[in-house]
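Here's the letter readout for the chains.
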Amino acid sequence: MTNKEAFGLAKKYIPGGVDSPVRAFGSVGGEPFIVERGEGAYLVDIEGNRYLDFIQSWGPLIFGHCDPDIESAVIATAKKGLSFGAPSNLETRLAKLICDEFKNVEKVRFVSSGTEATMSAIRVARGFSGKDGLIKFEGCYHGHSDALLVKAGSGATTYGNASSGGVPADVVKNTYLARYNDIESVRAIFEANPGKIGALIIEPIAGNMGLVPADNEFLSELRRLCDQNGAVLIFDEVMSGFRASRHGSFEFNGIEADLVTFGKVIGGGCPAAAFGGKAAIMDCLSPEGAVYQAGTLSGNPVAMAAGIASLSKIFAD
Ligand SMILES: *Cc1c(COP(=O)(O)O)cnc(C)c1O
């Protein structure tokens, strides 16, 4: 089968032929090729063409395709069973690796995607603070959960408008949009909504509007505004975590968030993500606390093994 034939068939059964819209080549033109396998820095398609792969699965593959350490960890773990629905030591090992590295992360919970990590972090932040209002920034992407699919309204201090079909206006009415690196836009939201803002989420190094680092002064002022107003500061490090440095953004800004979200590199190419932070906040999660959050495949052993292998190599340097 040629790429064209295979993609035609995919389109018959899968909307747009892809399971994530960025794979449709929309911003680069042409049609997707269909992958047969990866090899280090290369992808090989079903026609045998080799491509130098600058995308690396959009972030997870920090060691390239088929890294031998990750591959052998995955194979050895898969032979012992693919999912248990009961705790395994692999979860504790990966959690400890993260908590030992990040002094503001005392506890973590694993999920299966970055979307789940940010969505759950916001839920626990709201549960902890007891306030529904959420501040996010134009240009930052935090996955595809309803409350986060918001584009600018008529101004940075207005409520957000949904930027996707199927997202009820009611769901985004507690999402307030601010402008990146513009502290006045944040201050205005806090001032106009006293006692209402329970969480603020930001990519401390924005990777989803080109590469835009946050000013350190801006971040430390965010830290101060959140403390002053009883809001939980969430750093979304799904992209920057374990990549910008072994700690993500911390080595550049020195700012400690209350909660941090991880994804991509943390799963070594398998579906794993996590959110973590101060124990006082994380202990609000069920079964310790009243904030419900769950997942059949959360902490999946194969994904944990891939994550342990991947982070161990990063931390060994
Ligand atoms: C990729 C990304 C997400 C979403 O992660 P998924 O695993 O695709 O759901 C969230 N936040 C940031 C910063 C990301 O880059």
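That block above? That's the structure.
The shown structure was predicted, so the numbers you read here are calculated from the model rather than taken from an experiment. Residue numbers restart at each chain and count upward from 1, following the sequence in its written direction. With the structure being a predicted model, the display of local features is reserved for residues of pLDDT at least 70 and the display and counting of side-chain atom pairs for 80 or more, all residues being used for whole-chain, interface and lining totals. Side-chain descriptors were evaluated using all non-hydrogen atoms of the structure, hydrogens and water having been removed beforehand.

Overview of the site of the ligand
Argument step 1. We call a residue near a molecule or strand when any one of its heavy atoms sits within 4 Å of it. Taken together, the neighbourhood of the ligand is formed by S113, G114, T115, Y141, H142, G143, E203, N208, D236, V238, M239 and K264.
Argument step 2. N208 is positioned such that a nitrogen or oxygen atom in its side chain is 3.2 Å from an oxygen atom of the ligand.
Argument step 3. What sets the accessible areas is the Shrake-Rupley method with a 1.4 Å probe; for residues, cover comes only from the shown protein chains. Its free accessible area being 380 Å², the ligand has 82% of it covered by the protein chains.
Argument step 4. Each residue gets one label: Ala, Val, Leu, Ile, Met, Phe, Trp, Tyr, Cys and Pro are nonpolar, Asp, Glu, Lys and Arg are charged, and the others, such as Gly, are polar. Considered class by class, the residues forming the shell around the ligand number three nonpolar, six polar and three charged. Nitrogen and oxygen atoms within 3.5 Å of one another constitute a polar contact, given that in protein one can donate a hydrogen and the other can accept it, and given that sequence-neighbouring residues count only through two side-chain atoms.

Quick look at the packing of aromatic side chains
Argument step 1. Side-chain rings of Phe, Tyr and Trp (the six-membered ring for Trp) are treated as a pair once their centres are within 6.5 Å; stacked means planes under 30 degrees apart, edge-to-face means over 60, and tilted covers the remaining angles. Following the criterion strictly, the structure yields nine aromatic pairs and no others.
Argument step 2. Ring pairs connect the aromatic residues F102, F242, F262 and F315, which therefore count as one cluster.
Argument step 3. Counting as a charge over the ring demands two things of the Lys NZ or Arg CZ atom: a distance within 6 Å of the ring centre and an angle within 35 degrees of the ring normal. A cation sits over an aromatic face here: R50 above Y42, 4.4 Å from the ring centre.
Argument step 4. Stacked on the ring of F63, the Lys or Arg K313 has its end atom at 4.9 Å from the ring centre.

Focus on the pattern of salt bridges
It is possible for side chains bearing opposite charge to pair when their charged atoms get close.
Argument step 1. Put simply, a salt bridge is a Lys or Arg side-chain nitrogen that is within 4 Å of an Asp or Glu carboxyl oxygen. Summed over the entire model, instances satisfying the criterion amount to 17 salt bridges.
Argument step 2. A salt bridge links D182 to R179; its shortest N-O distance comes to 3.0 Å.
Argument step 3. Looking at D182, the relative accessible area reads 22%, which means it is partly exposed.
Argument step 4. A salt bridge links R224 to E221, with the shortest nitrogen-to-oxygen separation between them at 2.7 Å. In this pair, R224 and E221 are both assigned in helix α7 (residues 216–229), three residues apart and thus about one turn of the helix distant.
Argument step 5. Taken together, the shared-partner salt bridges connect E184, R187, E221 and R224 into one network. Each residue is placed in one exposure class: buried if its accessible area under a 1.4 Å probe, protein chains only, is under 20% of its type's maximum, exposed if it is over 50%, and partly exposed if it falls in between. A run of H or I in DSSP counts as a helix once it spans at least four residues, and a run of E counts as a strand once it spans at least two, with each numbered from the N terminus.

Quick look at the sheet that holds strand β1 (residues 35–39)
Argument step 1. Pairing between two strands is assigned when DSSP locates at least 2 bridges connecting them. In spatial order, the strands read β1-β2-β3; together these three strands make up an open sheet with antiparallel pairing. Each having just a single partner strand, β1 and β3 (50–52) make up the two edges of the open sheet. Between one strand axis and the next, the sheet turns by 25° as a mean value, whatever way the strands run.
Argument step 2. Pairing analysis gives three bridges linking strand β2 (residues 42–45) to β3, with the strands arranged antiparallel. Among the inter-strand pairings, Y42 is bridged to a residue of β3, identified as L52. Axis definition: a line fitted to C-alpha atoms, limited for helices to the stretch in contact. Angles are taken between N-to-C directions and run from 0 to 180 degrees.

Focus on the sheet that holds strand β9 (residues 197–202)
Argument step 1. Strand order in the open sheet made by the seven strands is β4-β14-β13-β12-β9-β5-β8, with mixed pairing throughout. One side of each edge strand has no neighbouring strand; the edge strands of this open sheet are β4 (107–111) and β8 (175–178). Across this sheet, the average inter-strand angle for adjacent strands is 20°, counted without regard to direction.
Argument step 2. Bridge analysis of strand β5 (residues 133–137) against β9 gives three bridges, and the strand direction is parallel. Looking at β9, one finds that G133 is bridged to I197.
Argument step 3. Contacts are residue-level and defined by heavy atoms, with any inter-residue pair within 4.5 Å sufficient. Sitting on the sheet, helix α3 (residues 89–101) touches β4 and β13 (259–262), and the angle it makes with β4 is about 130°.

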